[in-house]
Amino acid sequence: MTRSGSRRVLDPARTTGSVAAVDLGATSGRVIVGHVSPDGVRMEHVARFPNGPVTLHEGDRSALHWDVVELYRQVVAGLRDAFRQGSDIASIGIDSWAVDYGLLRDGRLLGLPYHYRDERHEHGVPIVRDRIDARALYARNGLQHLPFNTLFQFAADPSVALADRALLIPDLLGYWLTGVVAAERTNASTTGVLSPTTRGWDPFLGAVSRLPSGLLPALRDPGDRLGPLLPAVADAVGGRSVVTLVGSHDTASAVVAVPATDPDFAYISSGTWSLVGVELDAPVLTDAARRANCTNEGGVDGRVRFLKNVSGLWLLSESVRTWERAGTGIDLEALLTAAAAVTAPVPVFDVADESFTPPGDMPARIAAWCTAHGLSAPASPAEFVRSILESLARAYASTLATIGEVTGKDIRVVHIVGGGSQNRLLCQLTADRTGLPVLAGPVEATALGNVLVQARSAGLAGLAGCSLEELRSIVARTVEPTRYLPTAPTSTDTDRTTVRSHA
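Quick caveat, the model's predicted, so the values are computed rather than measured.

Student: Could you give an account of empty space enclosed by the protein, with specific residues and numbers?
Tutor: The full count for this structure, using the stated rule, is three cavities of 30 Å³ or more. Pro170, Asp171, Gly174, Leu226 and Leu245 are, among the 13 residues lining the largest cavity, the residues nearest its centre. Counting only elements with at least two residues in the lining of the largest cavity, the list comes to helix H5 (169–178) and strand E13 (242–244). Looking at the lining of the largest cavity element by element, the count peaks at three residues for H5. The residue makeup of the lining of the largest cavity, split by class, is nine nonpolar, three polar and one charged. When its volume is computed, the second largest cavity comes out at roughly 80 Å³. If you go around the second largest cavity, you meet 13 residues; those closest to its centre are Ala166, Leu167, Leu168, Trp201 and Leu216. The greatest single-element share of the lining of the second largest cavity, amounting to three residues, is contributed by strand E9 (residues 165–168).

This is the structure we're talking about:
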């Protein structure tokens, strides 16, 4: 649907075809071919590969890095598989997690990019704060304070003085595929060095984070053509195509694919992290927004993703890894069923506590948090899982209530997209704690949004010129979300947060 309520009818006479979405997450990556036609989008997984931190010894400490070279090798292999299955790949688009970057000099990578969970960035926070206070910083960049925001990483990184370019992860991979240097704007908006009002780099913030002049490349928008594959790359993948910029921050692509038919919606992009927010036409840079620790990030078509980063299913996946390392075999579906059957009260903890950020023994950290706060720790894996999901749902509800108050936006429905949309217990608990209907799905929202932006840019299936609302109507016709309605509170529900109307 368009904002005026009209509906675009796709023209079957227009070109149909396929595009490849490279979707890189903090734990895995994949290459998905989207087959676009007037009937909708069909997604075909052609490659999946692991991704994760690499620990390297650096002087007197161990440091976390991304093995971005191996990641690129896997991307090329995945694209080769895509071309083997069909030669009509009209475009390739790349999205990934935010904030992390590679440094180049004379076109060469200076070292493996640091992982945002590496402790190095903590040294950058006081460096920046000595030059600009929190209120002035928020007025300039509108970002939630997270110690791994790119400007803090820059400030803590002496190697920036040796570089002549800094490229965020999807921009780095795009450079290796095409030879073209650019910064896609939605991901650039997560760095803390971009102005949310001018949508351009802020030279003052660059100086605050000790960046050499010219380190940050020219900005480009989702839908722009980055360039054709380099000849050597085309030979390696077995086909000719172009790279099209998409919402290269994975959440920007995911929000494109929210199947919203009601304009008063909120979204939760649920994966390793949970991005909880609403879509606005302009940033909110008030001190109330700063105190609430909300963020203004760029969206496709110049929209603003006003949101808050909330810890996500990292808490669950890291707990499962801990139990498996201890020799306990875990059937996740059975564990979630057992968690849903827990009737005794479980502790609800602060998922934003920084002790939960690094990798490690998550159940022990949760137990320690509970003990420190006078609560009884969970006694079994099922109780730990129930505690994690209850805590996430409460954080979602509290965040949405705050966003409604800060923006004045009336929130009537919550869309959960991404991997967390498959977690039935989490979806139901979110409905219960917000008091709002929850629509869950699509699971592959990020890849689907990536595909739709590419297809619109290429003019496939008559999508050229479609608005975001029209793209979302295609998603709504293609994927039927699962609906969860809030249940009546019981006498034990003493901390529910109802998201009220603020219109």
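Back to the write-up after that little detour.
Student: Explain the pairing of strand E6 (residues 89–95) to me, and be specific about the residues and the numbers.
Tutor: With six of its seven residues buried, E6 lies for the most part within the structure. Where strand E1 (residues 17–24) and E6 come together, five bridges link them in parallel fashion. Bridged to Val22 within E6 is Ile94.

Student: Would you mind going over the nonpolar core in detail, with residue names and values included?
Tutor: Ranked by internal contacts, the top residues of the largest apolar core, which has 79 residues, are Leu24, Leu79 and Leu177. The leading source of residues in this core is helix H1 (residues 68–84), at eight residues. Those residues in contact with Leu24 that sit more than four places away from it in its chain are Gly29, Phe49, Leu71, Val75, Ile94, Asp95, Ser96, Trp97, Leu173 and Asp250. In terms of nonpolar packing, the next biggest core, distinct from the first, is built from 55 residues, Ile268, Phe306, Leu316 and Cys427 among them.

Student: I'd like to hear about the packing of helix H11 (residues 314–325) against helix H14 (residues 381–407), residue by residue, with values.
Tutor: Interaxial distance between H11 and H14 falls to 10 Å at its minimum, and their mutual angle equals 165°. The orientation of H11 relative to H14 falls into the category roughly antiparallel. In this structure, H11 crosses over H14, and the sense of that crossing is right-handed. Taken together, the residues of H14 that come into contact with H11 (itself represented by Leu315, Leu316, Ser319 and Trp323) are Pro381, Phe384, Val385, Ile388 and Leu392.

Student: Just give me the short version of the packing of aromatic side chains, but keep the residues and values in it.
Tutor: What the rule picks out here adds up to ten aromatic pairs. Considering the side-chain rings of Trp66 and Trp97, the 4.2 Å spacing of their centres and the 35° angle between planes classify their relative orientation as tilted. Here the residue Trp66 occupies a position in strand E5 (residues 61–66), and Trp97 occupies one in the loop between E6 and strand E7 (101–105), the gap between them amounting to 31 residues. A relative accessible area of 1% places Trp66 in the buried class. Measuring from ring centre to ring centre gives 5.7 Å for Phe148 and Trp273, while their planes differ by 65°; the resulting arrangement is edge-to-face. Taken together, the residues span a long stretch of sequence, with Phe148 in the loop between helix H3 (134–141) and helix H4 (150–156) and Trp273 in strand E15 (residues 273–280) at a distance of 125 residues. For the pair formed by Phe148 and Trp273, the shared burial category is buried. The ring of Trp314 has Arg117 sitting right over it, with the charged end atom 3.8 Å from the ring centre. The ring centre of Tyr114 lies 3.9 Å from the NZ or CZ of Arg120, which sits over that ring.

Student: Can you break down unusual backbone geometry residue by residue, with the values?
Tutor: The omega torsion of the bond from Gly441 to Pro442 falls at 10°, within 30 degrees of zero and hence cis. Inspection of the secondary structure assignment puts Pro442 in the loop between strand E19 (438–440) and helix H16 (445–458). Not every positive phi belongs to a glycine, and Val99 is a case in point at roughly 70°. Along the polypeptide, Val99 turns up in the loop between E6 and E7. Within the chain, Arg210 stands out as a residue other than glycine whose phi angle is a positive 65°.

Student: Give me the lowdown on the sheet that holds E7, citing residues and values where you can.
Tutor: Strand pairing in a sheet relies on backbone hydrogen bonds, with the paired strands running either antiparallel or parallel. Taken in spatial order, the three strands line up as E8-E7-E9 in an open sheet, and their pairing is antiparallel. Every interior strand has two partners, whereas the edge strands, strand E8 (108–109) and E9, have only one. Sheet topology note: the E7/E9 ladder contains four bridges and is antiparallel. Bridge pairing links Leu103 to Ala166 in E9. Contacts from H5 reach E7, E8 and E9 within the one sheet, and its direction differs from that of E9 by about 105°.

Student: Let's hear about the sheet that holds E19: which residues, and what values?
Tutor: A sheet is described by the order of its strands in space; here seven strands give the open sequence E16-E17-E15-E14-E18-E19-E20, paired in mixed fashion. Each of the sheet's edge strands pairs with one partner strand only, and the pair in question is strand E16 (295–298) and strand E20 (482–484). Across the sheet, the mean angle from the axis of one strand to that of its neighbour is 30°, orientation sign disregarded. Both strand E14 (residues 265–270) and strand E18 (residues 413–417) contribute to a ladder of five bridges, which runs parallel. Each residue of the ladder has a partner; that of Tyr267, found in E18, is His415.

Student: Could you give me a rundown of the packing of H1 against H5, with the residues and numbers involved?
Tutor: Where H1 meets H5, the closest approach of the two axes is 11 Å, and the angle between their N-to-C directions is 55°. The angle between H1 and H5 falls in the class oblique. Handedness of the crossing formed by H1 with H5: right-handed. On the side of H1, the interface is formed by Val68, Tyr72, Val76 and Leu79, while H5 contributes Leu172, Leu173, Trp176 and Leu177. When grouped by side-chain class, the residues that make up the contact of H1 with H5 number eight nonpolar, no polar and no charged.

Student: With reference to specific residues and values, describe the pattern of salt bridges.
Tutor: Taken as a whole and assessed by the stated rule, the structure comprises 26 salt bridges. Of the charged contacts, one joins Arg30 and Glu444 as a salt bridge, the two residues approaching to 3.1 Å between their closest N and O atoms. Of the two residues, Arg30 sits in strand E2 (residues 28–37) while Glu444 sits in the loop between E19 and H16, which places them 414 residues apart along the sequence. Its relative accessible area of 18% is what places Glu444 among the buried residues. With its nearest N and O atoms 2.6 Å apart, the salt bridge here joins Asp287 to Arg290. One end of the pair is Asp287 and the other is Arg290, both in helix H10 (residues 287–291) and three residues apart, which spans about a single turn. Each member of the salt-bridge network shares a partner with another, and the members are Arg135, Asp287, Arg290 and Arg291.

The rules behind these values
Residues numbered from 1 in each chain as written. Predicted model: local features only at pLDDT ≥ 70, side-chain atom pairs only at ≥ 80, totals over all residues. Heavy atoms only, no water. 1 Å grid on protein atoms, 1.4 Å probe; cavity = no way out; pocket = protein on both sides within 12 Å on 5 of 7 lines; lining within 4 Å. Points joined across faces, edges and corners; volume = space filled by probe spheres on them. Helix = DSSP H or I, 4+ residues; strand = E, 2+ residues; numbered from the N terminus. Nonpolar A, V, L, I, M, F, W, Y, C, P; charged D, E, K, R; others polar. Buried < 20%, exposed > 50% of the residue type's maximum accessible area, 1.4 Å probe, protein only. Pairing = 2+ DSSP bridges. Core = buried A, V, L, I, M, F, W, Y, C linked by side-chain atoms within 4.5 Å. Contact = heavy atoms within 4.5 Å. Axes fitted to C-alpha atoms, helices over the stretch in contact; angles between N-to-C directions. Parallel < 35°, antiparallel > 145°, perpendicular 65-115°, else oblique. Left-handed = near helix turned anticlockwise from the far one by under 90°. Phe/Tyr/Trp six-rings, centres within 6.5 Å; stacked < 30°, edge-to-face > 60°. Lys NZ or Arg CZ within 6 Å of the ring centre and 35° of its normal. Salt bridge = Lys/Arg side-chain N within 4 Å of Asp/Glu carboxyl O.

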